Amino acid sequence: MTFTVHKKVMPENKNCGNTPGERIRWARFEIGLDIVDVAREAGLCTGTISRIENGRAQTVEIETLRKLASVLNQPVWLLGCFDLLPEKTLAERIRKARLYHGLTKSEFAAKIGTNEKTVRLWERGKCSPTEKSMKILIPYLENLKLY
């Protein structure tokens, strides 16, 4: 009887990468899981993970990143490359803060006591938060400096 040993090839770049696919592959290798293991644990298709890792997925949904983050023991912001997002304007900072916390617009709106449309307008720079909303947003915005 012959056994074939499948050797896992580590990514050439020891850095975790600059795309979600690179970072997900890096995190997977870090804990020694293959795509089948990750897919099973995360409740995703192997094809989905393969497309993400190979850069063929246009975007990666927050819900997918949360599942992968849980399995790969990494923060959502790291896997999603949200640390690389700009934060020059208040609109960019609000979007980055929301994504850092792995929240959809509707989830973020519920946490801060507003609605999804308002969050969308803030993130597009179409309107600014009220003074009351800014007080609620400040802890989210300050957290950006922690990473």
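Structure shown above.
Residues numbered from 1 in each chain as written. Predicted model: local features only at pLDDT ≥ 70, side-chain atom pairs only at ≥ 80, totals over all residues. Heavy atoms only, no water.

(A) Here's a closer look at helix H8 (residues 116-124). Among the residues of H8, Thr118, Val119, Trp122 and Glu123 are the ones counted as buried. Seen along its axis, H8 keeps its buried residues to an arc of 135 degrees; they face one direction. With respect to the buried face of H8, the exposed residues turned more than 90 degrees away are Lys117 and Arg124. On its buried side, H8 packs onto helix H6 (90-100), helix H7 (105-112) and helix H9 (131-142). Of the residues that open H8, the one with a side-chain oxygen 3.1 Å from the backbone nitrogen of Lys117 is Asn115. Directly beyond the C-terminal end of H8, a positive phi value near 75 degrees is found at Gly125. (Buried < 20%, exposed > 50% of the residue type's maximum accessible area, 1.4 Å probe, protein only. Helix = DSSP H or I, 4+ residues; strand = E, 2+ residues; numbered from the N terminus. Arc of directions from axis to C-beta. Contact = heavy atoms within 4.5 Å. Polar contact = N/O pair within 3.5 Å; in protein donor to acceptor, adjacent residues only side chain to side chain.)

(B) Spotlight on the pattern of salt bridges. The final tally for this structure, using the stated rule, is nine salt bridges. The partner of Arg25 in a salt bridge is Glu53, and the shortest N-O contact between them spans 3.4 Å. Of the two residues, Arg25 sits in helix H1 (residues 20-30) while Glu53 sits in helix H3 (residues 46-53), which places them 28 residues apart along the sequence. Between Arg93 and Glu87 there is a salt bridge, with the nearest N and O atoms lying 2.7 Å from each other. Look at Arg93 and you get buried, because its relative accessible area is 18%. Judged by its relative accessible area of 28%, Glu87 falls in the partly exposed class. (Salt bridge = Lys/Arg side-chain N within 4 Å of Asp/Glu carboxyl O.)

(C) Focus on the side chain of Lys96. The residue Lys96 is located in helix H6 in this model. Once residues lying within four places of it in the same chain are set aside, the contact partners of Lys96 are Phe82, Asp83, Leu85, Pro86, Glu87 and Leu144.

(D) Broad picture of the packing of aromatic side chains. Summed over all chains, the structure comprises two aromatic pairs. Between Trp77 and Tyr100, the ring centres sit 5.5 Å apart and the planes meet at 10 degrees, which makes this aromatic pair stacked. Here the residue Trp77 occupies a position in helix H5 (residues 76-79), and Tyr100 occupies one in helix H6, the gap between them amounting to 23 residues. For Trp77, a relative accessible area of 15% gives the class buried. The class of Tyr100 is buried, set by a relative accessible area of 6%. Between Phe108 and Tyr140 the ring centres are 5.2 Å apart and the planes differ by 85 degrees, which places this aromatic pair in the edge-to-face class. (Phe/Tyr/Trp six-rings, centres within 6.5 Å; stacked < 30°, edge-to-face > 60°.)

(E) Local environment of the layout of surface pockets. Estimates place the volume of the largest pocket at around 480 Å³. Lining the largest pocket are 26 residues, with Thr59, Val60, Glu61, Phe82 and Arg95 sitting closest to its centre. Elements with a contribution of two residues or more to the lining of the largest pocket: H1, H3, helix H4 (62-72), H6, H7 and H8. Among the residues forming the lining of the largest pocket, the class breakdown is ten nonpolar, eight polar and eight charged. (1 Å grid on protein atoms, 1.4 Å probe; cavity = no way out; pocket = protein on both sides within 12 Å on 5 of 7 lines; lining within 4 Å. Points joined across faces, edges and corners; volume = space filled by probe spheres on them. Nonpolar A, V, L, I, M, F, W, Y, C, P; charged D, E, K, R; others polar.)

(F) Structural context of the environment of Ile52. Take Ile52: it is sitting in helix H3. As a C-alpha pair, Ile52 and Pro20 span 32 residues in sequence and 7.2 Å in three-dimensional space. Excluding its chain neighbours within four sequence positions, the residues that come into contact with Ile52 are Pro20, Gly21, Ile24, Ala57, Val60, Thr64 and Leu68.

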